[in-house]
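Residues per chain, in single letters:
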Amino acid sequence: MARQVPEPASTMEQDRLAALETLHILDTDEDERFDRITELAARLLRAPISLISFVDRDRQWFKSHYGVSITETSRALSFCAVAIERGELYVIEDMLDEPRWHDTELVVNPPRLRSYAGQPLRGPGGYLMGTLNVIDLEPRHFTDEELALLVTLARYAEAELAVHQLARLGAELDATRTELEQANRSLAEAVAKRSAELSASEERFRRLVDRAPDVIVDYQLVPEPRLLYVSPALERITGWSPAEALASDDPIGLVVHPEDRPLLDQVLADPHAVADRSMMLRWRHRDGSTIWTQNRLVAIHDAGGVTVGWEAVVRDVTDLHAAQEELAHRALHDRLTGLPNRDLFTEQLTLLLRNLARHAAAVCVLFFDLDRFKVVNDSLGHATGDELLRAVAQRVAQVLRPGDLLARLGGDEFAILVPDAGSADGAIAVARRVLAAFEAPFVVGTEELYTSASIGVACTDVAESADDLLRHADVAMYRAKAAGRARFEVFDEALRDHLHERIRLEGALHRALDRQELAVLYQPIVELAHGRPVAVEALLRWRRDGVELGPAEFIGLAEETGLIVPIGEWVLARAARDATGWRDPVSGAPLMVQVNLSARQVTSPGLDAAVERALDGALTAERLCLEITESVVMSDMGPAVKVLGRLCERGVRIAVDDFGTGYSSLAYLRRLPVDALKIDRAFVHDIDGPVPDGRLVTAITTMAHTLELQVTAEGVETRAQLAALRACGCEHAQGFLFARPVAAGEVPAALVAASAMVAPA
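Residues numbered from 1 in each chain as written. Predicted model: local features only at pLDDT ≥ 70, side-chain atom pairs only at ≥ 80, totals over all residues. Heavy atoms only, no water.

Okay, the state of the cysteines next. Following the criterion strictly, the structure yields one disulfide and no others. In this model Cys364 forms its disulfide with Cys459; the gap between the sulfur atoms is 2.1 Å. Of note, the bridge from Cys364 to Cys459 carries an S-S torsion of about 110 degrees and is right-handed in sense. Residue Cys364 is found in strand 12 (residues 363–370), and its partner Cys459 is found in strand 17 (residues 453–460); the two are separated by 95 residues along the sequence. For Cys364, a relative accessible area of 0% corresponds to the buried category. The class for Cys459 is partly exposed, based on a relative accessible area of 27%. Between Cys730, a free cysteine, and Cys728, which holds the nearest cysteine sulfur, the sulfur-to-sulfur gap is 7.8 Å. Look at Cys730 and you get buried, because its relative accessible area is 5%. (Disulfide = S-S within 2.5 Å. Helix = DSSP H or I, 4+ residues; strand = E, 2+ residues; numbered from the N terminus. Buried < 20%, exposed > 50% of the residue type's maximum accessible area, 1.4 Å probe, protein only.)

Encoded structure:
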């Protein structure tokens, strides 16, 4: 419901509205200068919407709108009006938690805005005219770094407002000059009248120029170069008074930086200069400091078209220049460590590789990350983790040569560019120094932290892409981790062949669904008490080139590439459809089908919809059980609890697969909507051996029953194992003893065989 906003009546607000009107920016055309700012704000702050808005008497109008098509709203719906009232950065992390906004139209109805951050923009007279803001459709916590970046971009927008005002001032000056010329042409007809009008016009012009925040300059070239006029703003910007400039033998040298003087002299001396020029020049303050100025020069020509003088409007853009420099630095450097970022590192590496033919030495890249860095973040917090990353950056930089380039690529990943290694031996020497740098502990606050690095080395003496060389070093780094960490590995032909095979496998996996190479097999799950099948587990296989691949050979790749999401949805739909008519061959009770979920699927926003599509017209929700590994849950428990909770409310059953192989405990399961545990085959294998695992299985089973969870044992292959599981109190089991995985058409026969294999207890 829109709120009625009273007509602004305060003197300050009336003055602000008057100043906004003099800016002449409302209802103007699109301007790419402002559009660049909103686009940059949206991208750097990762927000779908960014606006430059101005708050008028009864509306807010968008000079630039990124991510939305509307150009204005009522003032009643303006978050920016509140930011202007407060006179400071205004942040709303969740509008539904704000009584002022939670039931407003833009929050309740599309586009359903949820979070906002807006920095007021100061315009002429120092009044707050509007804001630069970013808006998200999800609740959001804006970091200090993001808010600081928003403030910096707002300064950029204020500078563009000033440029807009400067352009308007130039237009007014042109209009005034036209008025003066018209007065001269009419002078013969009405000398007295036009003289009075000319005097009034000149007075208006003088007042305008004297009050202008920018320096106005009138400089003649003939008959001799001479400064005719400079406005009072000169003293505010440079410390030099207009009188001192007019009295100087070289007024240009008084204020213009010596290094920029030749460029300005060249422009001023051009007899055929174009009418309008714009240029950036450095000026000098009286105290010796440097001022960056934007200079708009208008040439004055005689009847023959020869330049006889110049008029100039000079604006101090030092803050704008500093903001641009800061943005350029931020774009190419890591905020946490100050090191070059991935973009700058890749740019430098690309330049070296392009010029590789000119150098006899090879170009080498070292790619490393910190071993067990997640433990530091999880146990001591991200602030400590950040301090450790800074300490690592400083120490590694100290062991590198002057020509080497160290960069932080993201997270705990770093890269070193060794431009003239000569061969892999040179890069290996650098790798050894880096490893040695980790031998001493890192002192972070009151903590002494020990960590190590796994390093991958890749070298080339032929032209190849920067991305390829980085990827080769990354592959070598993962081999170093697999070999035990705290070491280095060099990318070689064997790794290259492995990488190429992996790329080929990835391409084939992309086409596997379309080519109908994927298949779902089913393995019965048996109830031990009565010897009857109660469920089947769906198991994915890939038949590639006549060879059947098990999940261990391609599921990891599918996870990394994201293909596991569409493949998992296909398995879910196929299993639900196949299992529709399956029943216990003795009692006729319908069977449950159990389908594995990957980590990617649990975090996929489309999981709920995929489950609904699979169940539609096939199974009731109670006949579907989704299996997740404990590592999936423990890696990000908060979101997992929400997702699994929704599925549980729908009626779907949840089981934890391969229990005991991860790093959770049964205590964690109290927080999860879990119905069953599946004990990993590793515990079942030796349950009847010389050193039995029966006591461990019994303990897991007892604790699971305490939590009212059912237990299924995987990998049962012998009757002795079956007997031991019964003794432990395990309810269900599956394995080769009962049936091997079979195609859908063979499931009824497999159910009969499994039932016959288990005599009731």
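Structure shown, so let's carry the discussion forward.
Here we take up the packing of helix 12 (residues 342–354) against helix 16 (residues 466–482). Helix packing for two helices is described by the angle between their axes and how far apart those axes are. Where helix 12 meets helix 16, the closest approach of the two axes is 9 Å, and the angle between their N-to-C directions is 110 degrees. Accordingly, the angle class assigned to the pair helix 12 and helix 16 is roughly perpendicular. In this structure, helix 12 contributes Arg342, Phe345, Thr346, Leu349, Thr350 and Leu353 to the contact, and helix 16 contributes Ala466, Asp467, Leu469 and Leu470. Of the residues in the contact of helix 12 with helix 16, the class split is six nonpolar, two polar and two charged. (Axes fitted to C-alpha atoms, helices over the stretch in contact; angles between N-to-C directions. Parallel < 35°, antiparallel > 145°, perpendicular 65-115°, else oblique. Contact = heavy atoms within 4.5 Å. Nonpolar A, V, L, I, M, F, W, Y, C, P; charged D, E, K, R; others polar.)

Our next topic: the nonpolar core. One finds Leu626 and Leu725 to be the most contacted residues of the largest nonpolar core, which totals 78 residues. Aside from chain neighbours lying at most four places away, what touches Leu626 is Leu572, Val595, Leu597, Val611, Leu647, Val652, Arg653, Ile654 and Ala655. (Core = buried A, V, L, I, M, F, W, Y, C linked by side-chain atoms within 4.5 Å.)

A few words now on the packing of aromatic side chains. Counted according to the given criterion, the structure contains seven aromatic pairs. Ring-pair connections join several aromatic residues into one group, and the members of that group are Phe79, Tyr90, Trp101 and Tyr116. The ring centre of Trp240 lies 4.3 Å from the NZ or CZ of Arg286, which sits over that ring. (Phe/Tyr/Trp six-rings, centres within 6.5 Å; stacked < 30°, edge-to-face > 60°. Lys NZ or Arg CZ within 6 Å of the ring centre and 35° of its normal.)

With mixed pairing, the five strands of this open sheet are ordered in space as 13-14-12-17-18. Edge positions in the open sheet fall to strand 13 (405–410) and strand 18 (488–490), since each of these has one partner strand only. Shown here is a sheet whose adjacent strand axes are inclined to one another by a mean of 20 degrees, direction ignored. Contacts from helix 15 (residues 424–437) reach strand 12, strand 14 (413–418), strand 17 and strand 18 within the one sheet, and its direction differs from that of strand 17 by about 165 degrees. (Pairing = 2+ DSSP bridges.)

All right, on to the environment of Leu370 then. Residue placement: Leu370 occurs in strand 12. Not counting residues within four places of it along the chain, the set of residues in contact with Leu370 comprises Leu388, Leu389, Val392, Asp412, Phe438, Thr451, Ser452 and Lys481.

The five strands lie next to each other as 8-7-11-10-9, forming an open sheet whose pairing is antiparallel. Edge positions in the sheet fall to strand 8 (226–230) and strand 9 (276–284), since each has one partner strand and no second. With strand direction ignored, the average angle separating the axes of adjacent strands in the sheet is 25 degrees. Pairing between strand 9 and strand 10 (residues 290–301): nine bridges, direction antiparallel. Each residue of the ladder has a partner; that of Trp283, found in strand 10, is Ile291. This element, helix 10 (residues 261–268), spans strand 7 (215–220), strand 9, strand 10 and strand 11 (307–316) of the sheet and lies at about 150 degrees to strand 9.

Take the pairing of strand 23 (residues 624–629) next. Where burial is concerned, most of strand 23 is hidden: five out of the six residues are buried. Sheet topology places strand 22 (residues 592–596) next to strand 23; four bridges connect them, and they run parallel. Of the residues in strand 23, the one forming a bridge with Gln594 is Cys625. By the bridge criterion, five bridges tie strand 23 to strand 24 (residues 653–659) in an arrangement that is parallel. Bridge assignment links Thr629 to a residue of strand 24, and that residue is Asp657.

Now for unusual backbone geometry. Residue Pro111 follows Pro110 across a cis peptide bond; omega there is 10 degrees. By the secondary structure assignment, Pro111 is in the loop between helix 4 (105–108) and strand 5 (115–122). Geometrically, the link from Val222 to Pro223 is a cis peptide bond, its omega value of 5 degrees lying close to zero. You can see Pro223 is positioned in the loop between strand 7 and strand 8. Positive phi values are uncommon outside glycine, yet Arg46 reaches one of about 50 degrees. Inspection of the secondary structure assignment puts Arg46 in the loop between helix 2 (32–44) and strand 1 (49–55).

Per-residue pLDDT for the protein chain averages 85, and the proportion of residues at 70 or more is 90%. Of the regions scoring below 50 in pLDDT, residues 1–9 engages in 16 contacts with residues more than four places distant in sequence or in other chains. (pLDDT = per-residue confidence, 0-100.)

The two faces of the sheet receive side chains in turn, since in a regular strand these alternate between them. Burial runs high along strand 20 (residues 532–544): 10 of the 13 residues are buried. When strand 19 (residues 518–527) meets strand 20, the two strands line up antiparallel, connected through 10 bridges. Looking across to strand 20, one finds that Leu521 is bridged to Leu539. Counted between consecutive antiparallel strands, the loop separating strand 19 from strand 20 contains four residues, among which Gly531 sits at a positive phi close to 70 degrees. As judged from the three bridges shared by strand 20 and strand 22, these two strands associate in the parallel manner. Residue pairing across strands places Val536 opposite Val593, the latter belonging to strand 22. Where strand 20 lies against strand 21 (residues 547–549), three bridges are found, and the strand directions are antiparallel. Within the sheet, the bridge partner assigned to Arg544 lies in strand 21 and is Val547.

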